[in-house]
Amino acid sequence: METIEISSREKVEMIEVSKEVQQVIRRSGVETGIAVVFVAHTTAAITINENADPDVVRDMLKELSKIVPYEDDYRHAEGNSAAHINSSLVGASETLIIENAQPLLGTWQGIYLCEFDGPRRRKVHVQIVSA
Amino acid sequence: METIEISSREKVEMIEVSKEVQQVIRRSGVETGIAVVFVAHTTAAITINENADPDVVRDMLKELSKIVPYEDDYRHAEGNSAAHINSSLVGASETLIIENAQPLLGTWQGIYLCEFDGPRRRKVHVQIVSA
Amino acid sequence: METIEISSREKVEMIEVSKEVQQVIRRSGVETGIAVVFVAHTTAAITINENADPDVVRDMLKELSKIVPYEDDYRHAEGNSAAHINSSLVGASETLIIENAQPLLGTWQGIYLCEFDGPRRRKVHVQIVSA
């Protein structure tokens, strides 16, 4: 297991971690298997989406803020309930397939850490299992 | 593989299963690997979120009921379409990383069974794979 | 690893792939383990839901189109931002438990490829890991 440490800069942000995950896979020496990418926080998430046009990420974050409004008579005293809800909707992890010592991703797929309550220092754990 | 059986008491509810999952991992004897926590039902889900302030869960269930209204001219005759939709949005499983014979969770992360159409008797399967 | 190729016919559609995934598991010869079902596209997703009443799928797709409207002042020039958002909400993969050389699914659970921007030719990768 390896841990990637990332400092977010914005309140809400998607930060691509594809290269970092690829490096962990390479260092593991595993040719064929899976990689679990897991964020150890309840106001962040991991997702896979397009990394070509930055407007995809922009549209996604804007739309999520409409689906889960930042203010909505929440009770949780820290005031970040929307971030917790987005964390469960997007999910705390992604499981990747490893083939030829690489993550098997489609042409446009990148791996993202979703920050929903930044800026904060975040830990992303990567566990590799050989097939 | 081990199966955790849980009886929900409410229509909509999040029940923490962190201890039960931890016990399955301990019994497996696996030190390093992954654990797949999978709910065998289409109106329930598994998620990871804060287990410190119960208002986080409360806010989440209330907001989900706004995002996916319980009544909305659904066709499915059983009348529980919202529960099916929430099941797909939150997801049927979570994959955890095992390190030192423990699930590698952040300080505030707990594992939850989400009941969206209770009360019912639910089965949560846990499969352990050594790394 | 095996790849299932699927041609969608509609703009938005859920196509059951349970049999195809089951065949990949059978061919692998693995009795106990996990299967990662991963779609290699950013405007599609994999989910598990009821495969008995087709109205469940119908209600789900209709409701998702309300939660994430197809038009909403998105900036992404391709005009398929809603498909990208649904992809991250539903998720690019599902991890199944294998027991007795079969996916361990509940009575009503089927595995679906969700097409959010069809019709297109889609690739679904399946990786099997023995426990």
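To be clear, the structure that these remarks concern was listed above.
Residues numbered from 1 in each chain as written. Chains lettered and ligands numbered in written order. Predicted model: local features only at pLDDT ≥ 70, side-chain atom pairs only at ≥ 80, totals over all residues. Heavy atoms only, no water.

**Some thoughts on the relation of the copies chain B and chain C**
Argument step 1. The operation relating chain B to chain C is a screw motion whose rotation component is 120°, with 0.0 Å of axial translation and a residual RMSD of 0.0 Å. Given the turn and translation reported, the copies of this chain are related as if by a three-fold rotation axis. When C-alpha positions in chain B are compared against the rotation axis, the closest is assigned to leucine 89 of chain B, at 3.4 Å.
Argument step 2. Here only 16% of the interface residues in chain B have copies in chain C that are interface residues too; the copies meet through unlike faces. (Least-squares fit on C-alpha atoms with pLDDT ≥ 70 in both. Contact = heavy atoms within 4.5 Å.)

**Details of the relation of the copies chain B and chain A**
Argument step 1. With an RMSD of 0.0 Å, the operation that places chain B on chain A is a rotation of 120° combined with a shift of 0.0 Å along the axis.
Argument step 2. In this assembly, only 15% of the residues forming the interface of chain B have copies in chain A that are likewise at the interface, indicating a heterologous arrangement.

**Here we look at the packing of helix α3 (residues 81–90) of chain B against helix α2 (residues 54–67) of chain C**
The relative placement of two packed helices comes down to the angle between their axes together with the axis-to-axis distance.
Argument step 1. Interhelical geometry of α3 of chain B versus α2 of chain C gives an angle of 70° and a closest axis separation of 9 Å. Considering their axes alone, α3 of chain B and α2 of chain C lie roughly perpendicular with respect to each other. Our pair here, α3 of chain B against α2 of chain C, has a crossing hand that is right-handed. Along its contact with α3 of chain B, which presents Ser81, His84, Ile85, Ser88 and Leu89 of chain B, the element α2 of chain C presents Val56, Asp59, Met60, Glu63, Leu64 and Ile67 of chain C.
Argument step 2. Looking at the contact of α3 of chain B with α2 of chain C residue by residue, the class counts come to six nonpolar, three polar and two charged. (Axes fitted to C-alpha atoms, helices over the stretch in contact; angles between N-to-C directions. Helix = DSSP H or I, 4+ residues; strand = E, 2+ residues; numbered from the N terminus. Parallel < 35°, antiparallel > 145°, perpendicular 65-115°, else oblique. Left-handed = near helix turned anticlockwise from the far one by under 90°. Nonpolar A, V, L, I, M, F, W, Y, C, P; charged D, E, K, R; others polar.)

**Digging into the environment of tyrosine 70 of chain C**
Residues and elements named next belong to chain C.
Argument step 1. Counting through the fold element by element, tyrosine 70 comes out in the loop between α2 and α3 (81–90).
Argument step 2. Of the residues examined, tyrosine 70 reaches a relative accessible area of 35% and is grouped as partly exposed.
Argument step 3. Counting along the chain gives 29 residues from tyrosine 70 to glutamate 99, while the straight-line C-alpha distance between them is 40 Å.
Argument step 4. Aside from chain neighbours lying at most four places away, what touches tyrosine 70 is Lys11, Ser65, Gly79, Ala82 and Asp117.
Argument step 5. A polar side-chain atom of tyrosine 70 sits 2.6 Å from a polar atom in the side chain of lysine 11. (Buried < 20%, exposed > 50% of the residue type's maximum accessible area, 1.4 Å probe, protein only. Polar contact = N/O pair within 3.5 Å; in protein donor to acceptor, adjacent residues only side chain to side chain.)

**So, unusual backbone geometry**
Argument step 1. Following glycine 118 of chain A, the chain continues to proline 119 of chain A via a peptide bond in cis, the omega torsion being -5°.
Argument step 2. With respect to the helices and strands, proline 119 of chain A occurs in the loop between β7 (109–115) and β8 (121–130).
Argument step 3. One non-glycine residue, aspartate 73 of chain A, lies in positive phi territory at about 55°.
Argument step 4. Residue placement: aspartate 73 of chain A occurs in the loop between α2 (54–67) and α3 (81–90).
Argument step 5. Among the residues examined, aspartate 73 of chain A registers a relative accessible area of 70% and is labelled exposed.
Argument step 6. Unlike most non-glycine residues, asparagine 100 of chain C shows phi in positive territory, near 55°.
Argument step 7. Tracing the chain through its elements places asparagine 100 of chain C in the loop between β5 (93–99) and β6 (102–103).
Argument step 8. Taking relative accessible area as the criterion, asparagine 100 of chain C reaches 61% and is therefore assigned exposed.

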